[in-house]
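Residue strings, one per chain:
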2 protein chains.
Amino acid sequence: MAAQTKPVLYGYYRSSCSWRVRIAFALKGIEYEQKPINLIKDGGQQLTDQFKAINPMQQVPAVSIDGITLSQSLAIIQYIEETRPEPRLLPADPMQRAHVRIICDIIASGIQPLQNLYVLQKIGEDKVQWAQHFINRGFQALEPVLKETAGKYCVGDEISMADICLVPQVYNADRFKVDMTQYPTIRRLNQTLVEIEAFKASHPSRQPDTPDDLRL
Amino acid sequence: MAAQTKPVLYGYYRSSCSWRVRIAFALKGIEYEQKPINLIKDGGQQLTDQFKAINPMQQVPAVSIDGITLSQSLAIIQYIEETRPEPRLLPADPMQRAHVRIICDIIASGIQPLQNLYVLQKIGEDKVQWAQHFINRGFQALEPVLKETAGKYCVGDEISMADICLVPQVYNADRFKVDMTQYPTIRRLNQTLVEIEAFKASHPSRQPDTPDDLRL
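Rules and cut-offs
Residues numbered from 1 in each chain as written. Chains lettered and ligands numbered in written order. Predicted model: local features only at pLDDT ≥ 70, side-chain atom pairs only at ≥ 80, totals over all residues. Heavy atoms only, no water. Helix = DSSP H or I, 4+ residues; strand = E, 2+ residues; numbered from the N terminus. Expected span 1.5 Å × (residues − 1). Buried < 20%, exposed > 50% of the residue type's maximum accessible area, 1.4 Å probe, protein only. Polar contact = N/O pair within 3.5 Å; in protein donor to acceptor, adjacent residues only side chain to side chain. Core = buried A, V, L, I, M, F, W, Y, C linked by side-chain atoms within 4.5 Å. Contact = heavy atoms within 4.5 Å. Least-squares fit on C-alpha atoms with pLDDT ≥ 70 in both. Axes fitted to C-alpha atoms, helices over the stretch in contact; angles between N-to-C directions. Parallel < 35°, antiparallel > 145°, perpendicular 65-115°, else oblique. Left-handed = near helix turned anticlockwise from the far one by under 90°. Nonpolar A, V, L, I, M, F, W, Y, C, P; charged D, E, K, R; others polar. Pairing = 2+ DSSP bridges.

Engineer: Before we go on, may I ask you to explain helix α4 (residues 94–108) of chain B in this structure?
Structural biologist: Note that an α-helix has 3.6 residues per turn; residues three or four places apart therefore point the same way. All names here are of chain B. In this model, α4 (15 residues) spans 20 Å end to end at C-alpha, consistent with the 21 Å of a helix rising 1.5 Å per residue. Burial runs high along α4: 11 of the 15 residues are buried. Within the sequence span of α4, burial applies to Arg97, Ala98, Val100, Arg101, Ile102, Ile103, Cys104, Asp105, Ile106, Ile107 and Ala108. Between the side-chain oxygen at the start of α4 and the backbone nitrogen of Met95 there is a gap of 3.2 Å, and the oxygen is on Asp93.

Engineer: Any chance you could explain the nonpolar core here in plain terms?
Structural biologist: Generally speaking, nonpolar side chains in soluble globular proteins are found buried as a group. Membership of the largest hydrophobic core comes to 130 residues, with the highest contact counts inside it found for Phe139(A), Leu166(A), Phe139(B) and Leu166(B). Beyond its immediate stretch of four places on either side in the chain, Leu166(B) contacts Ile107(B), Leu142(B), Leu146(B), Cys154(B), Ile186(B), Leu189(B), Asn190(B) and Leu193(B).

Engineer: I would appreciate a short explanation of the relation of the copies chain B and chain A in the present structure.
Structural biologist: In this structure, two copies of a chain are linked by a rotation about an axis accompanied by a shift along it. Mapping chain B onto chain A leaves a residual RMSD of 0.0 Å; the transformation is a rotation of 180° accompanied by 0.0 Å of translation along its axis. Taken together, the rotation and translation describe the operation of a two-fold axis. Of the C-alpha atoms belonging to chain B, the one lying closest to the rotation axis is found on Ser109(B), 2.2 Å away. Of the residues that chain B buries at the interface, 100% are likewise interface residues in chain A, meaning the two copies contact each other through the same surface.

Engineer: Please clarify how the packing of helix α3 (residues 73–83) of chain A against α4(B) should be interpreted in this entry.
Structural biologist: Packed helix pairs are characterised by how far apart their axes lie and by the angle those axes make with each other. The contact between α3(A) and α4(B) brings their axes to 8 Å, and the two run at 160°. The angle between α3(A) and α4(B) falls in the class roughly antiparallel. Of the two elements, α3(A) crosses α4(B), and the hand of that crossing is right-handed. Within the contact between the two elements, α3(A) uses Leu74(A), Ala75(A), Gln78(A), Tyr79(A), Glu82(A) and Thr83(A) and α4(B) uses Pro94(B), Met95(B), Arg97(B), Ala98(B), Arg101(B), Ile102(B) and Asp105(B). A per-class count over the contact of α3(A) with α4(B) returns seven nonpolar, two polar and four charged.

Engineer: Would you mind going over the sheet that holds strand β2 (residues 33–36) of chain A with me for this structure?
Structural biologist: Think of a sheet as strands paired side by side through backbone hydrogen bonds, with each pair either parallel or antiparallel. All names here are of chain A. If you trace the four strands from one edge of the open sheet to the other, you get β2-β1-β3-β4, paired in mixed fashion. Here the strands that pair on one side only, and so sit at the sheet edges, are β2 and β4 (68–71). Strand-to-strand, the axes of this sheet are offset by a mean angle of 20°, without reference to chain direction. Pairing between strand β1 (residues 8–11) and strand β3 (residues 62–65): three bridges, direction antiparallel. Considered in β3, the bridge of Val8 is made with Ser64.

Engineer: It is not clear to me how the environment of Leu47(A) should be interpreted in this structure. Could you clarify?
Structural biologist: Residues and elements named next belong to chain A. Inspection of the secondary structure puts Leu47 in the loop between β2 and α2 (49–54). Accessibility expressed as a relative area gives 45% for Leu47, which makes it partly exposed. Spatially, the C-alpha atoms of Leu47 and Gln58 are 5.7 Å apart, while their sequence positions differ by 11 residues.

Geometric descriptors of this kind do not, in isolation, establish any biological role.
Take a look at the structure:
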């Protein structure tokens, strides 16, 4: 499918779900435009009526592509995968695909939602402890799963959506000072992945809206 | 693919994520065995070492199928969809599939994780208010999305994974006494769906582990 115009990503440099989509675009070599939505400034630009019309969940990311606007990072990535299949982000074998999706869902349903900005704002002063608790709980489940499925990457030796979910979640864990020595497999995979160009180029420290003092 | 033995569902009658899997099996006419895991009794049977070996997230559902054990309801359902494609639970068109997945992910990442048992136990006495807050927030986003995508069902006139996610989430909303009059589209879709045999047979009130006083 040839896109008439470049896809537009509404994202935020430090949002782990926005980063997932940036990695997918980078791995597939798809050029896209970025429209930064600052989740902190002006009380949160995602809360404006203008952005609510783009994504009623008032969250980033959202992507305009092929004449429609999509939200929810994994739905976006799977749409990209189905319309721009090369290089693939899901293995061909159904059982391997299931392993990829289990890892994605442990992160995307089991960890990230419990430590995102909106929830932490509601938790208030205990937010660091809360975030650490839920990241640790998720990583304690993820570590034995990855020990079974991993090769060079999360599932075998092929980069997949699981890797796309893992790296931004480890970045969040670092922000919340989670002790990663408990998770040798997660740590080893992350160290390998962050050296790959698509993960580097899409890193929060290198986006158009990255503040100067965080820029690498 | 012909299954040698019946799939086994480790679930709990009232778990909305277990119900999702039960609906998928019912829609596809797949016979399965149930091994109930009581999330309340004995301090939570999902926390035993025995169950931790089945699902390290210590959550239901998990499914043993085709010689492997899978966790995470949407990963399970997509594996079933890819290995037992009829009747399909995802539309053929990529944009329609994206709409289905957005609805699934709003529920599975944006609502359900914030009101599941584990989180509410951590919240403590404010748990009803907390659950109502996050269900309302999610439904306020879901209502305009469904207004655009719905036909007879969540996306057009074909039952999909979106419907499988919607009905158990509305059941949870009812448990937490969310005012559903604010969400006419969600309510209308739910009313249609709960009349369908696959949704009825899989309902929490009709499972092997349903307590007698809740049985219909």
